[in-house]
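Working through the structure, step by step
Chain by chain, the residues run as shown.
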Amino acid sequence: MRTLNVALGDRAYPIHIGPGLLARPELLLPALKTPRAIIVTNDRVGPLYLERLRATLEGAGVSVSAVELPDGEAHKNWQTLNLIFDALLEGRCERSTTLIALGGGVVGDMGGFAAATYQRGMPFIQVPTTLLAQVDSSVGGKTAINHPLGKNMIGAFYQPRLVLADTVTLDTLDARELAAGAAEVIKYGLIRDPEFFVWLEDNLDRLLAREPEALAFAIERSCRNKAEVVAADETEQGERALLNLGHTFGHAIETGMGYGEWLHGEAVAAGTMMAAELSRRLGWLTQQDVDRIGRLFERAGLPVWGPALGVERYLELMSHDKKVEAGRLRLVLLKSIGRAVLHGDAPAEAVAAAIVARCR
Ligand code: NAD
Ligand code: GLY
């Protein structure tokens, strides 16, 4: 097992990464306030892992209830969030009961938002079961639901007390979902870790083949990058925005296509190619750099072209981005492979041209 720490003072918490962790009560118990927990999962992950986690907790004397949500990004909304509140109230869960999110980023984001708001905040644990959730969404305390007009627009910063990433759970993940997670892994290389980008160029095939050593290395390195950024800028006043490389374009794709049509990681990959193209037009990246980034995404089976929504529609959707300030769009762009910047002065024509150039 590898353990990292998210250094947030008295709200610091560990990230445990390794095989078989769902069966380790001694890792879970320190994060529980009382011996009572509610597991939030969905109807795909529940049948696979709920009983395993329940048995671990009950075997250690914890009283456990559970709620299974409908699966999918299309259900990341108020109606589904309310199912969690129904279960919390019907089960008479207390403010000290711990909410454990067992699943991918959708379950983690919704479970976290419910934990942040139920009785103004209850203890929260992330048990991520997708690559994307293990390398990104379970760490850092961003919780949210979608709105029809914009992705993740309603939410809260609310840190978990523990992240428990059992790498064995990735064995049951679809190849398409694994690839979507690889998009966020590649992101860390692009924004702040050029050595990791080169490692990924050399080892991507091992990662996609789910070789345990390659997976463990990539998850730990990704979480280390994320934990450093979150510790430095928990509520995204500056550096944390860089974790959103490709996301302004990508969220426009997800919302514009209808939630669930494009996976989040797929939209991030195509969106990152738009950001890379714009960075080239600003004279920062070379065409060779853009091609090099595209090759890595393509090897992962990720899209490198966005859908042809029309440039006006892209810009309208992008105007709802959370990084918009005083009406001005700010984009994460690349100065080089391994160095991202937040830029609010890209000429509108260059933004539009980059979108058009990367759509098919
Ligand atoms: P997801 O939660 O929809 O999971 C993908 C699919 O895999 C789902 O069908 C899920 O039920 C299934 N699944 C999960 N674990 C499985 C397993 N072990 N075996 C088999 N199937 C399994 O999607 P995701 O890619 O994990 O997360 C995407 C979401 O995360 C998006 O909503 C995105 O906005 C959010 N996100 C949040 C943050 C953050 O910082 N909070 C960061 C990145 C992404
Ligand atoms: N996924 C972006 C962030 O956590 O800030």
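Residues numbered from 1 in each chain as written. Chains lettered and ligands numbered in written order. Predicted model: local features only at pLDDT ≥ 70, side-chain atom pairs only at ≥ 80, totals over all residues. Heavy atoms only, no water.

Another aspect to go through is the site of ligand 2. In the vicinity of ligand 2, the contacting residues are Asp136, Lys142, Lys226, Arg240, Leu243 and Asn244. Between ligand 2 and Lys226, the relevant distance is 2.6 Å, taken from an oxygen atom to a side-chain nitrogen or oxygen of the residue. Arg240 is positioned such that a nitrogen or oxygen atom in its side chain is 2.7 Å from an oxygen atom of ligand 2. About the coverage of ligand 2: the protein hides 90% of its 200 Å² of free accessible area. Split into classes, the residues belonging to the shell around ligand 2 amount to one nonpolar, one polar and four charged. (Near = heavy atom within 4 Å. Polar contact = N/O pair within 3.5 Å; in protein donor to acceptor, adjacent residues only side chain to side chain. Areas by Shrake-Rupley, 256 points an atom, 1.4 Å probe, with all protein chains shown as cover. Nonpolar A, V, L, I, M, F, W, Y, C, P; charged D, E, K, R; others polar.)

Quick look at the nonpolar core now. Counting 74 residues, the largest nonpolar core has Leu131, Leu190, Phe249, Leu278, Ile293 and Phe297 as the members making the most contacts within it. When residues in this core are grouped by element, the largest group, nine residues, is from helix α6 (residues 175-192). Apart from the residues within four sequence positions on either side, Leu131 is in contact with Leu170, Leu173, Leu178, Gly181, Ala182, Val185, Leu215 and Ile219. The next biggest cluster of nonpolar side chains, apart from the first, holds 22 residues, and it includes Ile84, Cys93, Val107 and Met122. (Core = buried A, V, L, I, M, F, W, Y, C linked by side-chain atoms within 4.5 Å. Buried < 20%, exposed > 50% of the residue type's maximum accessible area, 1.4 Å probe, protein only. Helix = DSSP H or I, 4+ residues; strand = E, 2+ residues; numbered from the N terminus. Contact = heavy atoms within 4.5 Å.)

Moving on: the site of ligand 1. The local shell around ligand 1 holds 27 residues, among which Glu73, Lys76, Thr129, Thr130 and Thr172 are the closest. Interatomic distance of 3.0 Å between a side-chain N/O atom of Asp109 and a nitrogen atom of ligand 1. One nitrogen or oxygen atom from the side chain of Thr129 is found 2.7 Å from a nitrogen atom belonging to ligand 1. Protein chains bury 93% of the 870 Å² of accessible surface belonging to ligand 1 in isolation. When residues of the shell around ligand 1 are traced back to their parent elements, those giving at least two are α2 (46-59), α4 (105-117), α5 (131-137), β8 (150-157) and α6. Residues of the shell around ligand 1, tallied by class, amount to six nonpolar, ten polar and eleven charged.

Taken as a whole and judged by the stated rule, the model has 27 salt bridges. Between Asp136 and Lys226 there is a salt bridge, and its shortest N-O distance comes to 2.6 Å. Within this pair, whereas Asp136 is found in helix α5, its partner Lys226 is found in helix α8 (residues 212-232), the two being separated by 90 residues in sequence. Judged by relative accessible area, Asp136 falls into the buried class, the value being 8%. The exposure class assigned to Lys226 is buried, which follows from its relative accessible area of 5%. Taking the shortest distance from any N to any O, the salt bridge between Glu195 and Arg221 comes out at 3.7 Å. (Salt bridge = Lys/Arg side-chain N within 4 Å of Asp/Glu carboxyl O.)

Before going further, it helps to spend a moment on the side chain of Gln159. Among the secondary structure elements, Gln159 is positioned in the loop between β8 and β9 (162-166). For Gln159, a relative accessible area of 10% corresponds to the buried category. Polar contacts involving the side chain of Gln159 include one to the main-chain carbonyl oxygen of Gly140, which spans 2.8 Å. At a separation of 3.1 Å, a polar atom in the side chain of Gln159 contacts the side chain of Glu234. Beyond its immediate sequence surroundings of up to four residues, Gln159 is in contact with Leu8, Arg11, Tyr13, Phe124, Gly140, Gly141, Val230 and Glu234.

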